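# A closer look at the structure
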Amino acid sequence: MSDKIGIYVCECGPNIASRVHIDKIMEDLAKLEDFKDKELVIKNHKLLCSVDGKKFLEDEINENGFSHLVLAACSPRDHDTTFINVCKKTKLNPYMYRIINIREQCAWVYSDKDVATEKAVRYIHAGMNRVLYQKPLNETELDSNPDVLVIGGGTTGIEAALSSAGENRKIFLIEKEENLGDLTSKLKELLPRQGSNLNVLKQRISDVQNNKNIRIFTNTELESIVGFLGNFEIVLKNKKSDETTELLVGAVVMANGAELQNPQELTDFNFQNDDNVFTAQEVEEMFSQSDKLTLRNGNEPKSVALVHCVGRKDLGYCSKICCNYLQKIAHYINEQSNNIEITEFYKHLCLPNKEDQEYHQKITDKVNFVRITDISLCGTELNLTKINGENSTLKPDMVILATGIIPAKDNPKFAKMLKVDLDERGFFNEAHLKKDPISTNTDGVFIAGTTKGPAGISESILQAQACAGKILTQLIPGQKIIPEVMVSEILEAYCRGCKTCLDVCGFGAIYFDEDKGVSIVNEAICRGCGNCVGSCPSGSIRTKYFTNPQLYQEVKEALR
Amino acid sequence: MNKGIKLEGEIRKSILDFFEKTLSNNTFDAVLMPMMVPSEDSYAWILVKDKNLLKDAEPIVPIMPINAAKALKRYTRIGDGKFKIAALMKPCEIRATIELVKLNQIKLDDVTLFSYDCVGALPMQDFIAEPQKKGTLFDKLLKEQIYNSDETKPVCQICDKFSNCASDLHFAFENGNVVLISNSEKGDKTVTKMKFSPNIDLKNWQNNIDALATDKKKNRAETFELVKKMAEGFDNLSETFALCINCHNCSSVCPICYCRKCYFDSAVAKPNSDVKMMRAKQRGGIALPLDKIMFHTGRMAHMSLSCVSCGLCSDACPVNIPVAQIFSYVASQTQKTFDYVAGENAGDALPMKEYKLDEMGELGEMVKKAEVQESHNE
Amino acid sequence: MNNNVLIIGSGIAGMDASLMLSRAGKKVFLVEKLSLIGGKIIKNEESFPNLDCSTCLIAPIQQDILQDKNIEVMTVSTVQKVEGTAGNFKVKIFKKARYVNMQDCLGCGMCYPPCPVSQINEWEENLMEKKAVYVPTAGSLPNVPVIDADKCLRLNGTEECNKCAEACMFGAIDFTEKDEEIEVEVGSIIVATGFDTLDVSEMENLGYGKISGVYTALEFERLFSSNGPTEGKLTLRDSKKSPESIAIIHCVGRDDVGYCSSVCCTYSAKHAHFLKHKLPNAKIYNFYNDICLPDKTYQKFHEKIKGHATEFIFQADRNKMNIIQKGAKIEVSYIDKKDIKNSVLVDMVILANAMVPANSSTELYETLGIETDKYGFVASQTFRIGSVATSKPGIFVAGCAEGPKDIQSSVIQAEAAVAQILSKN
């Protein structure tokens, strides 16, 4: 079958037509030396992306039976998808076409019409060269499993499970401890803006236990996971019985939480276990159990200092929830007795929610707020520098420290298993901080709660729901998944098995065949980013739609 | 500091006796060692199973016919290897082995690596021309422990990593004695199996080696100043590689160039006639075959981060281009950029495998600085 | 029970929710009161903390929205009436006439130059003018102009002007177009109407509106943008020269509204960076009180940029800031860390003014029948913690309509709203 190439030059109304000589472009293309033996159909159209234009194109392709198609038009960002969809309605494989940008890259950047015209001809010629090296690519459909593995049985994990569970979607919730729940069970009260009382959170635990679409595994850890969105093979292991369970799921939600920094590890904070220095968490627990603040000897303190931002200097980030919960603790203490003198030492107040400032102001007449630039602790003696530069010392009966939230210790282990990045602090990294804050670079793995950074209860719950939103819209029971077509492939004959590509792949899309000693691309996960192509020392990897010959043909003409 | 074990006898005999014992008592199932070829003008690597053949082996050879790492690779790349083998090689061959381990071409699970204090190797062509004379010369260097002879290959003359390395065990030479040193757990296991008790102090030996290394480092720096003029800039490269006949021998013998089909031999790197004509049009004329310098700079880009300066490339060049010195110089620069030294430690990750987002920022700064510098100089 | 969804507001939250719902096969009506989609982000050339180009961030999303066959985008439209209950809402949408046919128009822009009418461009923060036929800014999507009927000489009955129609090659101008009332039936509604910023013209001590060198943060964003009023050249209103010294005031209006807007400290650092970038020799003073950096990445960003400002000056009392014209300069007086009154002379002041509920949102919320909080934002979490449900079942809120927040928090709320809608099904 000989090649028949369709070349259509779009005028884009006056956008292209007024800045280049359309006729000359078409003439010059017809005269190309290296295409004189090929069958070419060269036409122009006022506006290919219009309803008219698309129909015109569809008819032209059907009538002519093109083997290749080149469209000289606007930026691929604008209409590449439009024309791929037109091709899909015809017999022409959509990957046998190429759009050439003669608008943003020719017509719109030159004031000299002749210069723009010449460039346009060369660009189109380059595209014509390239398109001859393109091969048809076919989309495949994969069955997908709609079930979900949720790692972590705290507030966040429970919310993710409840929001995504359904008749056609089972949730497997695993928790490494004996019981579900987290530190919220040790709180005396929630903040007023958190809307309700603690029983609501406790109720969620019963809800998840009673939901017939959710299966709970306590004392259980993730042993291994292999696969991709819609097709993860997981193995769970019960720590106590050593029993393993094999499951198939379509998505994973990481909700393994975080930890609190140990203030005794900080050089500026020196105290012994029997000093009256407590973390805010210890104080909260004290209140929730006995509803009374006492010193270690059982007496009520006469003076208490609350210290913000402990350890923040080393961590390099704000833990977000502490300013608010310290106000809550100040409220607790004041309720207990308004004879207890309360001083709060802070550098900045972080009150990012709309209700926080008002809540803070409720306590300002009952607490002595001191803004500082530096503070250190020895026993219960605080040495500090105030904002105005004065040094000062205070030795209250009791010191309460708000320590930072730090990444969970098993994050690196999970990161490796799930092939997900951690950020420089050790928290899980989002796919995109702003646009895609609860996805990860591995399709099908989502993150929620403090595992991705300091967060309060409402935020963690919202993040868990956002994960459910992604799952409910990406993994629809019965719907097939169509993976990316323009992926990489490794030529087995040339591969030497050095595994450089494995390390470089950000998506975990390459695996190693031990028997053959070669690396292989999993086309269902590959996104076609091309990192592996660049890293391969032997040139055995290429991407299907951007092969070296294709790129070379395009570039050589442009540089002629 | 480690202590060593004294072995009885002069160098050749004591090493062969040692390996014979290891084969007798099943410490090892086989030993990889060089042996002279029948024509007596070269050596080959033999995997020796029968201990009786060992008497004909030559543990310390005057030349490097192939890089031992390549020989080892042939054995270990595929297959589970349930047999314990010992491999005795020069320090640069050990370094090449370490790099090949990182590139997944060699598995060391059942291999115990041995190295020795290396006086260097003689240029292949010199040896082949007069094998007996050169053989005698080499014996003298070895006996008199001369580490800086100008009879050895140019890269050997500037090599400061000629002694202990990332092997499991090392034969140290001191005052005519052979002292075996263990460098690793695997080495310790061998020592135990052989029922040795390390009791020789190594301080004097180490000091001697350090002093020699310092001298060689100075030599290296001086030599690189000269090599720089041959290697930097397209014009210099063109002149240096003017004699190159595109035989690609250098890449064939290089232990790091292990690709099944070299990129530069593949169709991708061979453009068709209209491209060639286009280039001829642009420049007035082109040399055929194309891309001679591209091959060398491309090879530098592909392997210089792992180059161990073994010098085989110069040995293999039929037109005597000092390839090894040039590549050794370039490698020293590229490795420095990434804070990496090839062959030191199997645990160091290859720079290509450790992509850090910030890295590119540093390189960008370096490029900017270099550009500013250049414009200053102009 | 109807599965369609109405989303009010085409900012990042509205767009993200639309695309997710479309992917799940739901029909979405995306209603936007302006003539362009994209919300407030596109007013910034770069957004923190990684300073990525907003166009690059948003344009692919906007394109996807406009090409998505499940999403019906209705611009220059507002919601007039809502009846019914969750699962069965009947919504009346008032769609203003553009007087430009969206299928025929190419966005070539040939109709603007001949138009004889000039008016102030509010989208560009009143810093430049537009014609009666216009797109709010270069790069607007959909790239189709709108004609303001009250300003257009023909449409307001002043004269038979035809200049734009004559300039159009495609006959896309249609003066006969009429405003429409469209009724849609939906099962759920997401309110994603975003925010506006506090009008500080009444605040005497800030000099805004009287002193020409005093700008709001959004005005500065437009000043800095390369597709803005000064093409990124940062020249001042009156003098047309670039400033040599600039004061950036944090927490403007914070105590008037009663809450922290949570993004201003970070974007004020960004502004310091912008200024340093364009005016390397300028003196930059950031006047701060509390520094609020509520995301794990903001402190690092803040610390990096802090070095760009000449000085970060602590103001002990954020309500005692006083700005007056002093000759050719502007005097900024404040209470310093030693509680003493101090001052600085600058050429330009940028006020980081508080985020408030979007203009005309009060009427909308009444129409929808949903409760607002004491600040005028939509009240959420009324049933339980971590909910984006409003007081009316079936209606959800996402983004700054609920309260000041950064981009990622808006996106998370949008995705949570989608989950709350779909998991009911």
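Given the structure is predicted, the values throughout are model-derived calculations rather than measurements.

## Considerations on the sheet that holds strand β15 (residues 214-216) of chain C
All names here are of chain C. Here we have five strands laid out as an open sheet, ordered β15-β22-β16-β17-β18, and parallel in their pairing. Among the strands making up the open sheet, the edge pair consists of β15 and β18 (311-314). The mean inter-strand angle of the sheet, taken between neighbouring strand axes irrespective of direction, is 20 degrees. Docked against the sheet, helix α6 (residues 264-278) engages β16 (245-252), β17 (283-288) and β22 (348-353), running at close to 170 degrees with respect to β16.

## Concerning a nonpolar patch on the surface
A surface patch of nonpolar side chains, amounting to about 280 Å² of accessible area, comprises B:L47, B:Y75 and B:F83. Mapped onto the secondary structure, B:L47 falls in strand β3 (residues 43-48).

## Details of the packing of aromatic side chains
Describing an aromatic ring pair means giving the distance of the ring centres and the angle of the ring planes. Under the criterion given, the structure shown has 29 aromatic pairs over all chains. Between A:F287 and A:Y332 the ring centres are 4.9 Å apart and the planes differ by 55 degrees, which places this aromatic pair in the tilted class. In this pair, A:F287 sits in helix α9 (residues 280-290) while A:Y332 sits in helix α11 (residues 322-336), placing the two residues 45 residues apart along the sequence. Judged by relative accessible area, which is 2%, A:F287 ranks as buried. The exposure class of A:Y332 is buried, given its relative accessible area of 2%. Put simply, the rings of B:F18, B:F19, B:F28, B:F114, B:F171 and B:F196 touch in pairs and so form one group of aromatic residues. The positively charged end of A:R296 is found above the aromatic ring belonging to A:F278, 4.3 Å away from the centroid.

## Some details on the domain arrangement of chain A
You can read the domains of chain A as domain 1 (4-137), domain 2 (148-257 + 408-474), domain 3 (271-281 + 301-393) and domain 4 (488-544). Centre-to-centre, using C-alpha coordinates, domain 1 of chain A lies 67 Å away from domain 3 of chain A.

## Focus: the sheet that holds strand β2 (residues 28-31) of chain C
Residue and element names in this part refer to chain C. Strand order in the open sheet formed by five strands is β5-β2-β1-β13-β24, with parallel pairing between adjacent strands. Because the sheet does not close on itself, it has two edges, and the strands there are β5 (71-74) and β24 (395-397). Within this sheet the neighbouring strands show an average axis-to-axis angle of 20 degrees, counted without direction. Alignment of β2 against β5, held across four bridges, turns out to be parallel. Looking across to β5, one finds that L30 is bridged to V73. Contacting β1 (5-8), β13 (188-191) and β24, helix α8 (residues 361-368) runs over the sheet at an angle of about 160 degrees to β13.

Rules used in this analysis
Here the residue numbers are simple positions, counted from 1 along each chain's written sequence. Lettering of chains starts at A and numbering of ligands starts at 1, both following the order in which they are written. Only residues with pLDDT of at least 70 get local features here, since the model is predicted, and only at 80 or more are side-chain atom pairs given and counted; chain-wide, interface and lining totals rely on the full set of residues. As a convention, hydrogens and water are excluded, and side-chain values are obtained from all of the structure's heavy atoms. The pairing criterion for strands is at least two bridges between them, as found by DSSP. The helix and strand labels rest on DSSP assignments: H or I over at least four residues marks a helix, E over at least two residues marks a strand, and numbering proceeds from the N terminus. Axes, fitted as lines to C-alpha atoms, cover a helix only where it is in contact. Angles between the N-to-C directions of the axes lie from 0 to 180 degrees. Here, two residues are considered to be in contact whenever any of their heavy atoms come within 4.5 Å of each other. For patch detection, residues must exceed 30% relative accessible area and be free of salt bridges, and they are connected within 9 Å for like charges or within 5 Å for nonpolar side chains (Val, Leu, Ile, Met, Phe, Trp, Tyr). Per-residue and other accessible areas follow the Shrake-Rupley method at a 1.4 Å probe size, with only the shown protein chains counted as cover for residues. A carboxyl oxygen of Asp or Glu within 4 Å of a side-chain nitrogen of Lys or Arg is what we treat as a salt bridge. Working definition: rings of Phe, Tyr and Trp (its six-membered ring) pair if their centres are within 6.5 Å, and the pair is stacked with planes under 30 degrees apart, edge-to-face with planes over 60 apart, and tilted otherwise. Per-residue accessibility, obtained with a 1.4 Å probe over protein chains only, is compared with the maximum for each type, and a residue is labelled buried under 20%, exposed over 50%, and partly exposed between these values. Any Lys NZ or Arg CZ found within 6 Å of a ring centre and within 35 degrees of that ring's normal is scored as a charge over the ring. The start and end points of each domain follow an automatic or database-based domain assignment.

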